[in-house]
Amino acid sequence: QVQLVESGGGSVQAGGSLRLSCAASGYTYRHYCMGWFRQAPGKEREWVAGIVIGFGTTWYDDSVKGRFSISQDSAKNTAYLQMNNLKPEDTAMYYCAAANLCGRWSPDRMDFWGQGTQVTVSS
């Protein structure tokens, strides 16, 4: 019943910005964790940022600190990822994911996944 709907991907030049959205439906929990992951061709899926829906506590991977910002609209069960100063190495398929229990930000700890949205950054 839980579904994650993503939007906001696209193609931008280096230094540009994108804002990704991920709306969760079907969740009955007041608080749960939602995160953003990305996977580039030939690489494993990696965690980018996470947030506790209902609290707003955030975490970031070192590779995006200072450039990306995750936020929430708890009323909509939606998480956003504002990506600024994008770099070519940010190019990847971006996935949102949700976890019933907040723990380590690892792909194998997430319970639900979105379909992914492509982010391409050209130099």
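Note that the structure is a prediction, hence the values are computed from the model and not measured.

Draft legend 1. Just unusual backbone geometry, in detail. Residues other than glycine seldom take positive phi values, yet Asn77 does so here, at roughly 50°. Among the secondary structure elements, Asn77 is positioned in the loop between strand 7 (68-73) and strand 8 (78-83). The backbone of Asn85 shows a phi angle near 50°, a positive value even though the residue is not glycine. With respect to the element layout, Asn85 can be found in the loop between strand 8 and strand 9 (92-99).

Draft legend 2. Inspection of the nonpolar core at higher detail. In this structure, Met34, Trp36, Val48, Phe68, Leu81, Met83 and Tyr94 are the most contacted members of the largest nonpolar core, which totals 29 residues. Contributions of two or more residues to this core are made by strand 3 (18-25), strand 4 (32-39), strand 5 (46-53), strand 7, strand 8, strand 9 and strand 11 (117-122). For Met34, the residues in contact, after removing those within four places along its chain, are Leu4, Cys22, Ala24, Gly50, Ile51, Ile53, Ile70, Asn77, Ala79, Ala97, Ala98 and Trp105. By size, the runner-up hydrophobic cluster in this structure holds eight residues, among which are Cys33, Trp47, Trp105 and Met110.

Draft legend 3. Examining the packing of aromatic side chains more closely. Tallying each qualifying case throughout the model produces four aromatic pairs. Among the aromatic side chains, those forming a connected cluster through ring pairs are Phe37, Tyr95 and Trp113. The ring of Trp113 carries the charged tip of Arg45 above its face, separated from the ring centre by 4.7 Å.

Draft legend 4. Spatial organisation of the sheet that holds strand 1 (residues 3-7). The antiparallel open sheet is built from four strands, whose spatial order is 1-3-8-7. In this open sheet, the two edge strands, each paired with only one partner strand, are strand 1 and strand 7. If you compare each strand with its neighbour and ignore which way they point, the axes differ by 15° on average. Of the pairings in the sheet, the one linking strand 3 to strand 8 comprises six bridges and is antiparallel in character. Counterpart to Leu20 in the pairing with strand 8 is Leu81.

Each value, and the rule that gives it
Residues numbered from 1 in each chain as written. Predicted model: local features only at pLDDT ≥ 70, side-chain atom pairs only at ≥ 80, totals over all residues. Heavy atoms only, no water. Helix = DSSP H or I, 4+ residues; strand = E, 2+ residues; numbered from the N terminus. Core = buried A, V, L, I, M, F, W, Y, C linked by side-chain atoms within 4.5 Å. Buried < 20%, exposed > 50% of the residue type's maximum accessible area, 1.4 Å probe, protein only. Contact = heavy atoms within 4.5 Å. Phe/Tyr/Trp six-rings, centres within 6.5 Å; stacked < 30°, edge-to-face > 60°. Lys NZ or Arg CZ within 6 Å of the ring centre and 35° of its normal. Pairing = 2+ DSSP bridges. Axes fitted to C-alpha atoms, helices over the stretch in contact; angles between N-to-C directions.

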